[in-house]
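Chain residues, written in single-letter form:
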Amino acid sequence: MAWLLTGTGSMIKDEKAVAVPIPEGALYSVDTLPLVDIKAIGCLVIDGVAAESWGQSGVSVPFMNCEKGDIAVCQYGDSMAPVIPAGSILHIRRVAMWRDYIGYGNDFVIVLNDGRRMTKNIVRYEEDPHNFLLAHSYNSEVGDEALPKDMVAEVWKVISVVSTKGW
């Protein structure tokens, strides 16, 4: 990780290395998050197959300003493109009391009661905001979905995104 951030050290991980040196006076902190294989998808299902269950991949990904309990997941599907294209790695944080306040207009990984997961921009569902969330896709070819809150088991806020999108 030091090689990626500063260009110093070896590109290949030394098994004895455990910390990344932060330059004196730096205004940021870098931590590594476990990459959890849950296949956060843009829609409820891909080709009729629900997202896979939680599982450690054995890989850690560097992100800035992490908190205890944060994880990293891969984005599958293109319903959130071009903002979150397929292949992106998301730094996510669990929202404990999301039913009380969710922060409309932000991106979230929503975990449904049956184990499916989806990444969506959550906006206020004007017709019934107490019982529904409006799951918005950035891809204009994918329609928005009114999502009953009682179908939602967990909500994880997308803190940051590492994208494969380039120039």
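Residues numbered from 1 in each chain as written. Predicted model: local features only at pLDDT ≥ 70, side-chain atom pairs only at ≥ 80, totals over all residues. Heavy atoms only, no water.

A.B. asks: Help me understand the environment of Val155 in this model?
C.D. replies: Relative to the assigned elements, Val155 resides in strand β9 (residues 152-162). Counting along the chain gives 45 residues from Val155 to Ile110, while the straight-line C-alpha distance between them is 4.8 Å. Apart from the residues lying within four places of it in its own chain, the contact partners of Val155 are Arg93, Arg94, Val95, Trp98, Ile102, Phe108, Val109 and Ile110. (Helix = DSSP H or I, 4+ residues; strand = E, 2+ residues; numbered from the N terminus. Contact = heavy atoms within 4.5 Å.)

A.B. asks: Help me out: how do you make sense of the pairing of strand β4 (residues 89-94) in this one?
C.D. replies: Each regular strand carries side chains that alternate between the two faces of the sheet. By the criterion of burial, β4 is predominantly enclosed, with five of the six residues buried. Pairing analysis gives six bridges linking β4 to β9, with the strands arranged antiparallel. Opposite Arg94, over in β9, you have Trp156 as the bridge partner. (Buried < 20%, exposed > 50% of the residue type's maximum accessible area, 1.4 Å probe, protein only. Pairing = 2+ DSSP bridges.)

A.B. asks: Can you walk me through unusual backbone geometry in this structure?
C.D. replies: Most peptide bonds adopt trans geometry, and most residues besides glycine take a negative phi value. Each neighbour pair has its own omega, and for Ala81 with Pro82 the value is 10°, a cis peptide bond. Along the chain, Pro82 turns up in the loop between β3 (71-76) and β4. A positive phi is found at Asn65, a non-glycine position, where the angle reads about 55°. Here Asn65 lies in the loop between β2 (56-64) and β3. We classify Asn65 as partly exposed; its relative accessible area is 45%.

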